[in-house]
Amino acid sequence: MDREIHDFDETAVPLRLGASDTSALYYLPKALSAFKRTNPAVQVALNTDSSAAVESSVFDGELDLGIVTLPATHSGLTSRVLYRQKLGLVVARQHPLARKDTVTLRDAEGLPFLFLDDGTRTGAALAAYFNAQGFAPDTILRSGSFEVIKRYVAEDLGIAILPDTVLRREDEQRLVIKPIENLPSVQIGAVWNPRAYLPRAASELLTLLGELP
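Predicted model, so just to flag it, every value in this text is computed and none were measured.

## Brief notes about the layout of surface pockets
Computed from the structure, the largest pocket encloses a volume of approximately 360 Å³. Along its surface, the largest pocket is lined by 21 residues, and Ser20, Asp21, Thr22, Thr120 and Gly144 are the ones closest to its centre. Taken together, the residues of the lining of the largest pocket sort by class into six nonpolar, 11 polar and four charged.

## Regarding the pairing of strand β1 (residues 15-19)
Burial of β1 is extensive: four of the five residues sit out of reach of the surface. Where β1 lies against strand β2 (residues 44-48), five bridges are found, and the strand directions are parallel. By the bridge assignment, Leu17 is partnered in β2 with Leu46. Bridge count for β1 against strand β3 (residues 65-69) is three bridges, and the pairing is parallel. Bridging across to β3, Gly18 finds its partner in Gly66.

## Quick word on unusual backbone geometry
For the bond running from Leu70 to Pro71, omega is 10 degrees, close enough to zero to count as cis. Assignment of secondary structure puts Pro71 in the loop between β3 and β4 (78-85). Unusually for a residue other than glycine, Asp156 sits at a positive phi of about 60 degrees. Relative to the assigned elements, Asp156 resides in the loop between α6 (146-154) and β8 (160-163). A relative accessible area of 33% means that Asp156 is categorised as partly exposed. At Asn182, a residue that is not glycine, the phi angle is positive and equals roughly 75 degrees. Locating Asn182 in the fold gives a position in the loop between β9 (175-178) and β10 (186-192). Overall, Asn182 belongs to the exposed group, its relative accessible area being 61%.

Definitions and cut-offs
- Residues numbered from 1 in each chain as written.
- Predicted model: local features only at pLDDT ≥ 70, side-chain atom pairs only at ≥ 80, totals over all residues.
- Heavy atoms only, no water.
- 1 Å grid on protein atoms, 1.4 Å probe; cavity = no way out; pocket = protein on both sides within 12 Å on 5 of 7 lines; lining within 4 Å.
- Points joined across faces, edges and corners; volume = space filled by probe spheres on them.
- Nonpolar A, V, L, I, M, F, W, Y, C, P; charged D, E, K, R; others polar.
- Buried < 20%, exposed > 50% of the residue type's maximum accessible area, 1.4 Å probe, protein only.
- Helix = DSSP H or I, 4+ residues; strand = E, 2+ residues; numbered from the N terminus.
- Pairing = 2+ DSSP bridges.

Below you can see the structure in the form of structure tokens.
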């Protein structure tokens with residue numbers, strides 16, 4: 001109730017935001033920069049954790065809003081899809097697959113694979129997809145970090161399937177992403193507790209996130 005009472009004063013109610021590491025690194029900087037330009041007095045406290053942990057903190061009232069990989073697993077939360085990440089096969093620019101016009105999952109058979117840890121929601125979705133396709137990657141590294149995987153791919157130590165949004169302009173000098181038909185997409189969304197008060201700043205950020213390309 002105190003947060004609701006003081007919400008008329010934008011300096012009194014900070015925005016308590018949670019995000020997975022991926023969203024915090026690749027998605028939120030641009031959004032928060034735009035938000036701060038129009039809401040310079042609002043304090044934003046950002047906490048990074050796994051999507052599941054962020055959801056729990058939102059449900060418990062420790063966070064106002066969470067940016068996570070969907071689907072949300074906490075039944076007590078409301079969620080909204082913000083954008084979809086396309087997955088693709090990422091290889092070093094000098095890799096033979098980089099020169100192929102069309103790449104299939106079978107082209108990756110027998111090649112050293114850098115796999116996103118299936119403890120992450122994206123990794124779990126990929127593991128389920130591989131299992132359905134009867135594809136068993138020759139995994140030489142598992143990591144929950146896209147940046148770690150990108151670095152090893154750039155050194156041509158293996159190949160990986162990653163979201164297109166984690167490849168930045170500077171990565172294009174060393175990495176190539178190739179589409180593969182029927183790969184699952186990954187939804188990134190916002191979650192909040194409908195039984196808790198949603199501060200005005202959180203509502204404004206939600207609107208802004210929905211407008212960003």
